[in-house]
Amino acid sequence: MAPLVPPHVASLQPYIPGKPIEEVEREYGVSDVAKLASNENALGPSPLALRAAQDACRSVHLYPDGSAWALKAALSGHFGIPPGEILVSNGSNELIELLVRTFVLEGEEVLTSAQSFVAYKLAAHAHGRTLVEAPLKDRFHYDLDAIHARLSPRTKVIFLANPDNPTGTWFLEHELVHFLGAVPRDTLVVLDEAYIEFVDVPGFQDSLELRKRFPNLVVLRTFSKIYGLAGLRLGYAFARPELVAYLDRVRAPFNVNLVAQAAGAAALDDEEHVVLSRELVHAERPFLEKGLRELGATVVPSQANFLLADFPGQPGMKLFDALLREAVVVRPVVGYGFPTAQRITVGTRRENEKVLAALRKVLGR
Ligand SMILES: Cc1ncc(COP(=O)(O)O)c(C=O)c1O
C-alpha cells in the first residue's frame, strides 16, 4: 500500500504554541493567569484598531478584499513604499511558509541559524526542503560568518531574525551589510523584523534603506507584537515587485480576513499605542531582568519584548510546570536546545512581579 503521506510529512514535528490561558485554568485549577509565553503586547490591542475591528465585524458576511487594497495603501503611506512592493499575510508566519513554497525548488536549501525561530525549520521540512543551520556564537548570538560559510550553490533562501527569537539578541547594520555584500544576488535574504519596533540600540539596521541597495532582501514584519493584534493574524512583507507578484499567485485567495485588514490599517495610525507599548517594554525589561538575576538566572541582553533567562540546574519543563501551578505561563525552550532556560515576555509591572514572586517560591529563594 502506498504511504498516506510523503516521508518529509511523516517526520514533521508539530509547532508547540504557548499554552492558552483557558487551558491553564482548566488543567491547573488556577485563575488570574499571567501569560508571558508568546511575546504578546502587555497593553492589549491598539484601541483604534479595536474600534475598527468592531466596525468591520458588521460586514463579515462579505468576503474580504482579496487584494487588501486599503491595508496596502495604509502600509504604503506609512512606510513610503509602493503597494506593489508589499504583501500582506495571515501572520508573518504565513510569509515564511510562502517564501519556501514559492522560491525553494527541489534540491535547493534553506539556510538559517541554529536555535533560532522554529518556523524556518518547520517551513523547510513541511516542503521537503533541506535546512542548513549554522551554530550560534557565544551561546546566544547569530554568527553571520558561520552562516555565510554554509552558503552553497543550492542555497535559495536565508532566514535571519533580528532581533532573534528566542534569545532576544541582535546584530548590527554594518555586520548585516557585510553579509549581504557576500551573498549572491539570486539568493533571497529574508530579514525577519518581528520585534523591530522595540529596538533602541544605535547602529541597528534600516532595512527599508538597505532594500534599495540589495534587491534580494525581503523584510518581514508583523502586527502581532507592538500593535497587539496577534489573535487577528496579520503580517506583511516588503520585497521587490517581481517577488511580490509570485508570492501573490501562490498565496490563498483571501489569506487576510476582513477584520484584520481593517484593524491593521487603523493600528498604523495609533502612534500613541505604539509609543506606550515601547515605553512599557523599555521600562519593565530592566526591572524583570534585575529580578531574574537576583534569583540566580543568567539573563541574555535583549532588544525585544521578552527575555531569555537561564536557570542553571533547573530542567526547563519542570520549572515551566511548577510556574503553571502558580498561574504563570512562560515558554520553556528545551526544544530550541536551551535545556534550563525559559523565555519570558515582558509584561505589566503586576505581571512581572507575579512571575518573579512565583519563581522565588518555586526555586525556594
Ligand atoms: C521572529 C519571529 N518571526 C515571526 C513570528 C510570527 O509572528 P506572526 O505570525 O504572529 O506574525 C514570530 C512570532 O513569535 C517571531 O518571533
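Residues numbered from 1 in each chain as written. Predicted model: local features only at pLDDT ≥ 70, side-chain atom pairs only at ≥ 80, totals over all residues. Heavy atoms only, no water.

Chemist: Looking at this structure, how should I read the overall build of the chain?
Modeler: Within the chain, the regular secondary structure consists of 14 helices and 13 strands. Expected size for 365 residues packed as a compact globule is a radius of gyration near 21 Å; at 20 Å, the chain falls within 12% of this value. Taken along its principal axes, the extent of the C-alpha atoms in the chain is 55 × 55 × 50 Å. Every one of the 365 residues in the chain was classed for burial, and the buried ones make up 55%. The contacts in the chain between residues at least 6 apart in sequence include a share of 74% that link residues at least 24 apart. Total accessible area on the chain is roughly 16,000 Å²; 56% of this is exposed by carbon and sulfur atoms. A distance of 3 Å separates the average location of the 38 positive side-chain charges in the chain from that of its 43 negative side-chain charges. (Helix = DSSP H or I, 4+ residues; strand = E, 2+ residues; numbered from the N terminus. Rg over C-alpha atoms; globule rule 2.2 N^0.38 Å. Buried < 20%, exposed > 50% of the residue type's maximum accessible area, 1.4 Å probe, protein only. Contact = heavy atoms within 4.5 Å. Areas by Shrake-Rupley, 256 points an atom, 1.4 Å probe, with all protein chains shown as cover. Lys, Arg positive; Asp, Glu negative; His and termini not counted. Charge placed at Lys NZ, Arg CZ, Asp CG, Glu CD.)

Chemist: What exactly am I supposed to notice about the sheet that holds strand 13 (residues 341-345) here?
Modeler: Within a sheet, neighbouring strands are paired by backbone hydrogen bonds and run either parallel or antiparallel to one another. Overall, antiparallel pairing links the four strands, which are arranged 9-10-13-12 in an open sheet. One side of each edge strand has no neighbouring strand; the edge strands of this open sheet are strand 9 (298-300) and strand 12 (331-332). Bridging between strand 10 (residues 306-310) and strand 13 involves five bridges; their strand directions are antiparallel. If you follow Ala 309 over to strand 13, its bridge partner there is Gln 342. Relative to the sheet, helix 12 (residues 271-294) contacts strand 9, strand 10 and strand 13, its axis offset from that of strand 10 by approximately 10°. (Pairing = 2+ DSSP bridges. Axes fitted to C-alpha atoms, helices over the stretch in contact; angles between N-to-C directions.)

Chemist: Honestly, the pattern of salt bridges in this entry has me stumped. Any pointers?
Modeler: Note that side chains of opposite charge can pair when their charged atoms are close. In total, this model carries 20 salt bridges according to the counting rule given. Across the salt bridge formed by Lys 354 and Asp 32, the nearest N and O atoms sit 3.8 Å from each other. Here the residue Lys 354 occupies a position in helix 14 (residues 349-363), and Asp 32 occupies one in the loop between helix 2 (21-28) and strand 1 (34-35), the gap between them amounting to 322 residues. Taking the relative accessible area as the measure of exposure, Asp 32 reaches 41% and is therefore partly exposed. The salt bridge involving Arg 251 is made with Asp 248; its shortest N-O contact spans 2.5 Å. You can call Arg 251 buried: its relative accessible area is 14%. By sharing partners, the salt bridges in this structure join Lys 19, Glu 23 and Glu 27 into a single network. (Salt bridge = Lys/Arg side-chain N within 4 Å of Asp/Glu carboxyl O.)

Chemist: Any chance you could explain the domain arrangement of the chain here in plain terms?
Modeler: Interfaces are often sized by the amount of accessible area the parts lose when they come together. Segmentation of the chain into domains returns domain 1 (7-44 + 272-363) and domain 2 (47-270). One C-alpha centre belongs to domain 1, the other to domain 2, and the line joining them spans 24 Å. Counting residues at the interface gives 31 residues for domain 1 and 34 residues for domain 2. At the boundary of domain 1 with domain 2, total buried surface from both sides reaches about 2,800 Å², with 62% on carbon and sulfur atoms. If you sort the residues of domain 1 by the area they bury against domain 2, Gln 303, Tyr 336 and Phe 338 come out on top, with a joint share of 25%. Here domain 1 and domain 2 share one salt bridge between them. Between Arg 139 and Asp 310 there is a salt bridge whose closest N-O contact spans 3.3 Å. On the surface where domain 1 and domain 2 come into contact, there are 17 residue pairs in polar contact (both at pLDDT 80 or more). Those elements giving two or more residues to the side of domain 1 that touches domain 2 turn out to be helix 12 and strand 10. (Domains from an automatic or database assignment. Buried area = accessible area lost by both parts, 1.4 Å probe. Polar contact = N/O pair within 3.5 Å; in protein donor to acceptor, adjacent residues only side chain to side chain.)

Chemist: Please clarify how the sheet that holds strand 6 (residues 188-192) should be interpreted in this entry.
Modeler: With mixed pairing, seven strands are arranged side by side in an open sheet as 2-8-7-6-5-3-4. Edge positions in the open sheet fall to strand 2 (86-89) and strand 4 (130-134), since each of these has one partner strand only. Recorded for the sheet is a direction-independent mean angle of 20° between the axes of neighbouring strands. Across five bridges, strand 3 (residues 109-113) lies against strand 4 in parallel orientation. Across the sheet, Leu 111 pairs through a bridge with Val 132, a residue of strand 4. Sheet strands in contact with helix 6 (residues 118-126) are strand 3, strand 4, strand 5 (155-161) and strand 6, and its direction is about 155° off that of strand 4.

Chemist: How should the nonpolar core be read in this particular structure?
Modeler: Within soluble globular proteins, side chains that are nonpolar tend to cluster in buried spots. The biggest cluster of nonpolar side chains holds 86 residues, and the ones touching the most others in it are Leu 75, Tyr 142, Ile 147, Phe 159, Leu 160 and Phe 223. Two domains share this core, each providing at least three of its residues, namely domain 1 (7-44 + 272-363) and domain 2 (47-270). In contact with Phe 159, other than residues within four places in its own chain, are Ile 96, Leu 99, Val 100, Val 110, Leu 111, Thr 112, Ser 113, Tyr 120, Tyr 142 and Val 190. In this structure, Ala 37, Val 346, Leu 356 and Ala 358 belong to the second largest nonpolar core, which totals 28 residues. (Core = buried A, V, L, I, M, F, W, Y, C linked by side-chain atoms within 4.5 Å.)

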